[in-house]
Amino acid sequence: MNMLIFTPQALAFVAIPKTGTTAIEQALRPHADIVFRGARKHISTKRFHRKVRPFISETFDVALESFAVLREPEDQIRSWYKYRTRDEIRDKPEYSGHLTFEEFVEALLSETPPPCTQIGSQLRMLSGRGGRLLIDHLFAYERWDRLETFLSDRFEQRITFEPRNVSPQVPTELSEQTRARLRVARAAEFDLHARLMESDGKLAPRQAKAAV
């Protein structure tokens, strides 16, 4: 996944892994006039806000707005687990096929998570100092229609997405005890997703902060 910037639309896509990013890239990459690859492809909003946005503003006189997708946290972790059970990575440290999903989450919550459970945090990708959200437009993974409508309006043409990178079908049961521990450990991320769904699948965090 690459970070895509669209100067005519004054937009930048902040790619959070396992939130449909490949489908979004496939639909939008033909429209991008700047693409960040390699180590820069998963730039957090904090780094984008400090480095990329000022550079684009100074170089192209464009005030970029950022957008991203947030997935229900347990479901995003489940997607990571499935993705890392692929046979083609069986010999790599990130392979998780030797664990059940229950064991995967327990390892993720441990003090020393093994490489296969080192997946980062959606909230950390979206936040700056003090947990302040730095994203301009945040969409719920479960409400693709809101993102499609937003992008279709900005690009002045219909934008739709096709499923990509479908993960293997494997059992992913989780006990209520472990689910409760996960919700406590990532409470802020679960709360943000709940707020997003209560807002019909779209939030504008930076605009809301500026209005206060």
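Scroll up to find the structure.
Thresholds applied
Along every chain, residues carry numbers that run from 1 in the direction the sequence is written. Under the rules for a predicted model, residues below a pLDDT of 70 receive no local features and side-chain atom pairs below 80 are neither given nor counted, while totals for whole chains, interfaces and linings still include all residues. Water and hydrogen atoms play no part in the side-chain values, which are based on all heavy atoms of the structure. Put simply, DSSP marks the helices as runs of H or I at least four residues long and the strands as runs of E at least two long, and each gets a number from the N terminus on. To sort residues, take the accessible area from a 1.4 Å probe on protein chains only and compare it with the maximum for the residue type: under 20% means buried, over 50% means exposed, and anything in between is partly exposed. Any two residues whose heavy atoms approach within 4.5 Å at even a single point are treated as in contact. A 1.4 Å probe and the Shrake-Rupley method give the accessible areas. Residues count as covered only by the protein chains that appear here. By convention a nonpolar core is built from buried Ala, Val, Leu, Ile, Met, Phe, Trp, Tyr and Cys residues, the set being connected through side-chain atoms within 4.5 Å. With axes taken as lines fitted to C-alpha atoms, and helix axes fitted only over the stretch in contact, angles between N-to-C directions fall between 0 and 180 degrees. The scheme is simple: roughly parallel for angles under 35 degrees, roughly antiparallel for over 145, roughly perpendicular for 65 to 115, oblique for anything else. We call a crossing left-handed when the near helix sits turned anticlockwise from the far one by less than a right angle, and right-handed when that turn is clockwise. Only Asp, Glu, Lys and Arg are considered charged in this grouping, and only Ala, Val, Leu, Ile, Met, Phe, Trp, Tyr, Cys and Pro are considered nonpolar; every other residue, Gly among them, is considered polar. Strands were regarded as paired on the criterion that DSSP finds at least two bridges between them.

Trainee: Would you mind going over the overall build of the chain in detail, with residue names and values included?
Mentor: A count of helical and extended segments in the chain gives 9 helices and 6 strands. When the backbone C-alpha atoms are referred to their principal axes, the chain occupies close to 50 × 40 × 30 Å. Out of the 212 residues belonging to the chain, those deemed buried represent 48%. Excluding contacts between residues fewer than 6 apart, the proportion of contacts in the chain whose partners are at least 24 apart in sequence is 74%. Here the chain has roughly 11,200 Å² of accessible surface; of this, 47% comes from carbon and sulfur atoms.

Trainee: So what's going on with the nonpolar core? Residues and values would help.
Mentor: Counting 25 residues, the largest nonpolar core has Ile-5, Leu-126 and Leu-138 as its most contacted members. Within the residue set of this core, elements represented by two or more residues are strand E1 (3–6), strand E3 (34–36), helix H2 (45–60), strand E4 (65–70), helix H5 (122–126), strand E5 (137–140) and helix H8 (187–198). Of all the elements, H2 adds the most residues to this core, at 3 residues. Once residues lying within four places of it in the same chain are set aside, the contact partners of Leu-126 are Ile-16, Thr-45, Ala-68, Leu-70, Arg-132, Leu-133, Leu-134, Ile-135, Leu-138 and Leu-192.

Trainee: How would you sum up the packing of helix H3 (residues 73–83) against helix H4 (residues 101–108)? Please name residues and give values.
Mentor: Axes are the key here: two packed helices are described by the angle between their axes and the distance separating the axes. Here H3 crosses H4 at 110 degrees, and the two axes come no closer than 11 Å. Here H4 runs roughly perpendicular to H3, going by the angle between their axes. H4 is crossed by H3, and the crossing has right-handed handedness. Facing Glu-74, Ile-77, Arg-78 and Tyr-81 of H3, the residues of H4 in contact are Phe-101, Phe-104, Val-105 and Leu-108. Tallied by class, the residues present in the contact of H3 with H4 amount to 6 nonpolar, no polar and 2 charged.

Trainee: With reference to specific residues and values, describe the sheet that holds E5.
Mentor: Reading across the sheet, the 6 strands line up as E3-E1-E2-E4-E5-E6 and stay open at both edges, with mixed pairing between neighbours. Each edge of the sheet is formed by a strand with only one pairing partner; in this case those strands are E3 and strand E6 (202–203). By the bridge criterion, 4 bridges tie E4 to E5 in an arrangement that is parallel. Looking at the pairing, Val-69 lines up with Phe-139 of E5.

Trainee: I'd love a proper account of H4, names of residues and values included.
Mentor: Here H4 lies mainly inside the structure; 6 of its 8 residues are buried. Residues of H4 that are buried: Phe-101, Glu-102, Phe-104, Val-105, Ala-107 and Leu-108.

Trainee: Which residues make up the pairing of E4, and what values go with them?
Mentor: Across the 6 residues of E4, 5 count as buried, placing the element largely inside the fold. Examined bridge by bridge, strand E2 (residues 11–13) and E4 share 3 bridges and lie parallel to one another. Residue pairing across strands places Ala-12 opposite Ser-66, the latter belonging to E4.

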